[in-house]
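Below, each chain spelled out in residue letters.
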Amino acid sequence: MTEETIRDSELDPDFKFKIAKTYEGKTVLWCVQCGMCTSDCPYSEVWDVKPHQVIKMVLLGMRDQAISCQSIWQCSTCFMCAERCPQGVELGRVMFALKNIAAKEKGVPEGYRRFGQQVIETGRAMEITASREKERERLGLPKTLTDSKSIKSLLKKLKLDKLLKDKGGKKQ
Amino acid sequence: MKYSYFLGCQVPARVNYCELAVRRVTKALGIELIDLQGAGCCGCYLRSVDFRVTLGLASRILALADKQGLDLVLLCNSCYSTLTETTDFLKENPELRTETNELLAPQDLEYTGRTKVKDIIQVFYDDYGLQKIKSKVTRSFKGLKVAVQYGCHLLRPSKSTKFDNPEAPHILDDLVEVTEAESIYWPLKLWCCGFPSLPMNREMGMMLARNKFRAAKDAGADFMVTTCPSCQISFDILQPSIAKHYGEKYDLPVLYYPQLLGLAMNMDYKELGLHLNRVSTEPILRFIKEKRIEATA
Ligand code: SF4
Ligand code: SF4
């Protein structure tokens, strides 16, 4: 974590309760800052903000720092942290809760925007190129049939298109 | 034995050979797979963006399988954890279930909770049975050392995936050892392949794969065996570019488990797509050939 002074006035003491109210973040309050997650995370050595520090930010109410840090987006979702946490904190899931808020407020990062568009258009996150379809045919594998229309209408109701378009800047 | 069969996004886009091997091997074992019509993305890719989008997409897959009335078999670890976690979210939170069913109703779908989700590995190990698998093996890989990779999302979060002991899994090791190859101890066995980090930070994703190549090689592995198409992409499809990036050489063949099983059942390597693996599987094929010469000599 970079060294900076934390001002009371910039903290959001309710943030931890908001996270605890989400389906993914409901275990966040159980953290005792033992650091087990950080010792088991494959990215601990390279992250500026370590896994237990992400949780600490949430607990302290450092809302902006928590949803702006790169660690939440670089997390591989391997769930090693959650598996080994002695307190039952589902840290990998807390990361998802934080990313959801960041996506809504700051915009969906380009990498994910592309997946989102792809699912809206084709019903699948990854394009099956013509050469892949040909390879399938050659190998005697069946054609991939996706009901992309039904998926599109489901995503419309979930307002994914809108979320992908918004560039952020709105507070929840 | 009959199952609904869901392919996911990853396999047809990047690693058709995984599917080829599954189709050939299940057919040889008499396991019937019925394609889940109309299925699309399980939602795992969008969980970072919006929990409810993932919940909606995943529930749709589960509801489609409910309708077909068979247990649902998957190839992909990401689909497996997404669907097992979604099952838990829907079970633990009745209001989410109501909301989800309202969303699915116009498509004449309903999540009932009937469908059991299974990975293809569980079909081999639990349903078909390890002993019976063993009885089908006619080709020995004795003398070869394998580094097995379970992949994160079969093992974790174990509360939902309930696949094996998450700290000391043995299912894949046992399945590999029916071929008489040795499943070796290697330090990073339980760690991530890096694949999920690639879209946001390629370098970070590659770093994890590189660590794993080095650990597997140091432990003396002749090749790797995975259960997961994402791991397969990281280790096999991307291995040459990772090697180039770090100025290193790994030359570590990576088989998807059904490919190894098929070989052990004396099936032809082309039937199992080994000619489509990016990293040459030649050392394994050479081993088979030399064995054959030894046996006839
Ligand atoms: S392992 Fe659990 S309790 Fe310990 S610091 Fe990490 S999240 Fe908190
Ligand atoms: S889920 Fe994310 S934070 Fe947790 S151990 Fe894996 S990479 Fe680290």
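Residues numbered from 1 in each chain as written. Chains lettered and ligands numbered in written order. Predicted model: local features only at pLDDT ≥ 70, side-chain atom pairs only at ≥ 80, totals over all residues. Heavy atoms only, no water.

J.: Talk me through the sheet that holds strand 6 (residues 182-183) of chain B; I want residue IDs and the actual numbers.
T.: Residues and elements named next belong to chain B. The strand order across the open sheet formed by 4 strands is 6-5-7-8, and the pairing between neighbours is parallel. Sheet topology places strand 6 and strand 8 (254-256) at the edges, where each strand pairs with a single neighbour. As judged from the 4 bridges shared by strand 5 (residues 145-149) and strand 7 (residues 223-226), these two strands associate in the parallel manner. Note on strand 7: the bridge partner recorded for Ala147 is Met224. In the packing of helix 11 (residues 229-237) onto the sheet, the strands contacted are strand 5, strand 7 and strand 8, and the crossing angle to strand 8 comes to about 160°. (Pairing = 2+ DSSP bridges. Helix = DSSP H or I, 4+ residues; strand = E, 2+ residues; numbered from the N terminus. Contact = heavy atoms within 4.5 Å. Axes fitted to C-alpha atoms, helices over the stretch in contact; angles between N-to-C directions.)

J.: Can you explain the domain arrangement of chain B? Please cite residues and give values.
T.: Residue and element names in this part refer to chain B. In terms of domains, chain B is made up of domain 1 (2-119) and domain 2 (133-290). Here the C-alpha centroids of domain 1 and domain 2 sit 24 Å apart. With 24 residues of domain 1 at the interface, the matching set in domain 2 holds 36 residues. Roughly 2,400 Å² of surface becomes buried between domain 1 and domain 2 when both sides are summed, with 67% attributable to carbon and sulfur atoms. Arg24 serves as the salt-bridge partner of Glu271, at 3.1 Å between the closest nitrogen and oxygen. (Domains from an automatic or database assignment. Buried area = accessible area lost by both parts, 1.4 Å probe. Salt bridge = Lys/Arg side-chain N within 4 Å of Asp/Glu carboxyl O.)

J.: Mind laying out the interface of chain B and chain A, listing which residues take part and the relevant values?
T.: Taken together, the contacts link 65 residues of chain B with 57 residues of chain A. In this assembly, chain B packs against chain A so that about 5,500 Å² is buried in total across both faces, 61% of it on carbon and sulfur atoms. Counting the surface chain B buries against chain A, the share from its top three residues, Ser48, Val49 and Met200 of chain B, is 13%. For Lys159 of chain B, the salt bridge is made with Glu90 of chain A, and the minimal N-O distance between the two is 2.8 Å. At the boundary of chain B and chain A, one finds 26 residue pairs in polar contact (both at pLDDT 80 or more). (Polar contact = N/O pair within 3.5 Å; in protein donor to acceptor, adjacent residues only side chain to side chain.)

J.: Just give me the short version of the site of ligand 2, but keep the residues and values in it.
T.: All residues in the neighbourhood of ligand 2 are listed as Cys41, Pro42, Tyr43, Trp47, Cys75, Ser76, Thr77, Cys78, Phe79, Met80, Cys81 and Met95 of chain A. Class assignment of the residues belonging to the shell around ligand 2 gives a composition of 10 nonpolar, 2 polar and no charged. (Near = heavy atom within 4 Å. Nonpolar A, V, L, I, M, F, W, Y, C, P; charged D, E, K, R; others polar.)

J.: Explain the pattern of salt bridges to me, using residue names and the numbers behind them.
T.: Here the structure, examined in full by the defined rule, presents 29 salt bridges over all chains. Of the charged contacts in the structure, one is a salt bridge between Glu24 of chain A and Arg47 of chain B, with a shortest N-O distance of 2.8 Å. You can see Glu24 of chain A sitting in the loop between helix 1 (15-20) and helix 2 (36-40) and its partner Arg47 of chain B sitting in the loop between strand 2 (32-35) and helix 3 (51-68), one on each of two chains. For the pair Glu24 of chain A and Arg47 of chain B, one class covers both residues: buried. A salt bridge links Glu105 of chain A to Arg63 of chain A, with the nearest nitrogen and oxygen atoms 2.9 Å apart. Within this pair, whereas Glu105 of chain A is found in helix 7 (residues 91-106), its partner Arg63 of chain A is found in helix 4 (residues 63-68), the two being separated by 42 residues in sequence. Of the two residues, Glu105 of chain A and Arg63 of chain A, neither departs from the other in class, the shared state being buried. Linked through salt bridges whose partners overlap, the residues forming this network are Glu24, Glu90 and Arg93 of chain A together with Arg47, Glu85 and Lys159 of chain B. (Buried < 20%, exposed > 50% of the residue type's maximum accessible area, 1.4 Å probe, protein only.)

J.: Quick rundown of the nonpolar core? Include the residues and the values.
T.: Core analysis: the largest hydrophobic core is formed by 167 residues, its most contacted members being Leu98 of chain A together with Phe124, Phe141 and Tyr257 of chain B. With 10 residues, helix 3 of chain B is the largest single contributor of residues to this core. (Core = buried A, V, L, I, M, F, W, Y, C linked by side-chain atoms within 4.5 Å.)

J.: Tell me what's going on with the pairing of strand 5 of chain B, and back it up with residues and numbers.
T.: Residues and elements named next belong to chain B. Burial within strand 5 is extensive, with 4 of its 5 residues counted as buried. In terms of strand pairing, strand 5 meets strand 6 through 2 bridges, oriented parallel. Bridging across to strand 6, Val146 finds its partner in Ser183.

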